[in-house]
Amino acid sequence: MPLIALTGGIASGKSTIARRLAEHGAVIVDADQIVRDVQSPGSPVLVRIAETFGDDVISSDGSLDRAALGAKVFGDAGLLAQLNAIVHPAVREESQRRFDAAVRGDADAVVVYDVPLLVEARVDDPWDLIVVAHAPADVRRERLVELRGMGEGAAQERIDAQVSDDRRLAIADVVIDTSGTVESTIEQADALWQRISSR
């Protein structure tokens, strides 16, 4: 079973690549979805978040108020480290459970872990291949403004809050240049699939 990490900065086109690989038959394990799942109402992770950051980060329906939590930890390295110490181990455990389930379903499954925070949290795991979706920061900022309705300043803040492109590119086995058309990105994803399939 090849285990592939797919990462990239915000608005880098990572989801387009993941969708295309899924169309070819890859099993996509989505780190963002796992984060949401392990923080679901009543979960041990959510209880610890409330104990650490206060009940005001929990909405009236018992779910996590992401905006309230984000406002507390954004720009505060110490608080962010505390949050990561709660969330990352649970995400690691659940992602491994999903990897194992994919292999039980099909010993030859190609598993792609779609993970924004690879450099920050999982870079030393035993990946068979690290794929980085890459577009320059100004292209990604434009996408955040045009496609997600963010202001220029907010878009730049989101980009600046992530690790640098240089650090992501330094760990890449494969770089998919997503600065062009969607068709170009899909062609590169197809070529990646050919490479994986022929291994």
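This section reports on the structure supplied with the text. (Residues numbered from 1 in each chain as written. Predicted model: local features only at pLDDT ≥ 70, side-chain atom pairs only at ≥ 80, totals over all residues. Heavy atoms only, no water.)

## A short note on the layout of surface pockets
Put simply, the largest pocket is a space of about 1700 Å³. Lining the largest pocket are 49 residues, with D32, P116, L117, R158 and Q162 sitting closest to its centre. Where the lining of the largest pocket is concerned, the elements lending two or more residues are α1 (14-24), α2 (31-38), α4 (66-73), α5 (77-105), α6 (118-122), α7 (137-148) and α10 (182-197). Sorting elements by how many residues they give to the lining of the largest pocket places α5 first, with seven residues. (1 Å grid on protein atoms, 1.4 Å probe; cavity = no way out; pocket = protein on both sides within 12 Å on 5 of 7 lines; lining within 4 Å. Points joined across faces, edges and corners; volume = space filled by probe spheres on them. Helix = DSSP H or I, 4+ residues; strand = E, 2+ residues; numbered from the N terminus.)

## Remarks on helix α3 (residues 44-53)
Among the residues of α3, V45, L46, I49, A50 and F53 are the ones counted as buried. Taken down its axis, α3 places every buried residue within 135 degrees of arc, on the same side. For α3, the exposed residues set more than 90 degrees away from the buried face come down to P44 and E51. Of the surrounding secondary structure, the elements contacted by the buried residues of α3 are α2, α4 and α5. (Buried < 20%, exposed > 50% of the residue type's maximum accessible area, 1.4 Å probe, protein only. Arc of directions from axis to C-beta. Contact = heavy atoms within 4.5 Å.)

## Concerning the pairing of strand β3 (residues 111-114)
Neither face of β3 is open: one carries V111 and Y113, the other V112 and D114, and all of them are buried. Both strand β2 (residues 27-30) and β3 contribute to a ladder of four bridges, which runs parallel. From the neighbouring strand, I28 faces β3, where its bridge partner is V112. (Pairing = 2+ DSSP bridges.)

## A closer look at the side chain of D125
Looking at the secondary structure, you find D125 in the loop between α6 and β4 (129-134). Within the local environment of D125, its side chain forms a polar contact with the side chain of R122, the two groups lying 2.6 Å apart. (Polar contact = N/O pair within 3.5 Å; in protein donor to acceptor, adjacent residues only side chain to side chain.)

## A short note on the packing of aromatic side chains
One pass over the structure, following the stated rule, counts three aromatic pairs. When the ring of F99 is compared with that of Y113, the centres are 5.2 Å apart and the planes differ by 85 degrees; the resulting orientation is edge-to-face. Remark: Y113 occurs in strand β3 and F99 occurs in helix α5; sequence separation between them is 14 residues. For the residue pair F99 and Y113, the accessibility class agrees, reading buried in each case. The interplanar angle of 20 degrees and the centroid separation of 5.8 Å between the aromatic rings of Y113 and W127 together place this pair among those described as stacked. (Phe/Tyr/Trp six-rings, centres within 6.5 Å; stacked < 30°, edge-to-face > 60°.)

## Some details on the nonpolar core
Counting 29 residues, the largest nonpolar core has I49, F53, L69, Y113 and W127 as its most contacted members. Taken together, the elements giving at least two residues each to this core come down to β1 (3-8), α2, α3, α4, α5, β3 and β4. In terms of residue count, α5 provides more of this core than any other element does, seven residues in total. When neighbours within four sequence positions are excluded, F53 is seen to be in contact with L69, K72, V73, L79, Q82, L83 and I86. In terms of nonpolar packing, the next biggest core, distinct from the first, is built from 17 residues, A18, L21, W193 and I196 among them. (Core = buried A, V, L, I, M, F, W, Y, C linked by side-chain atoms within 4.5 Å.)

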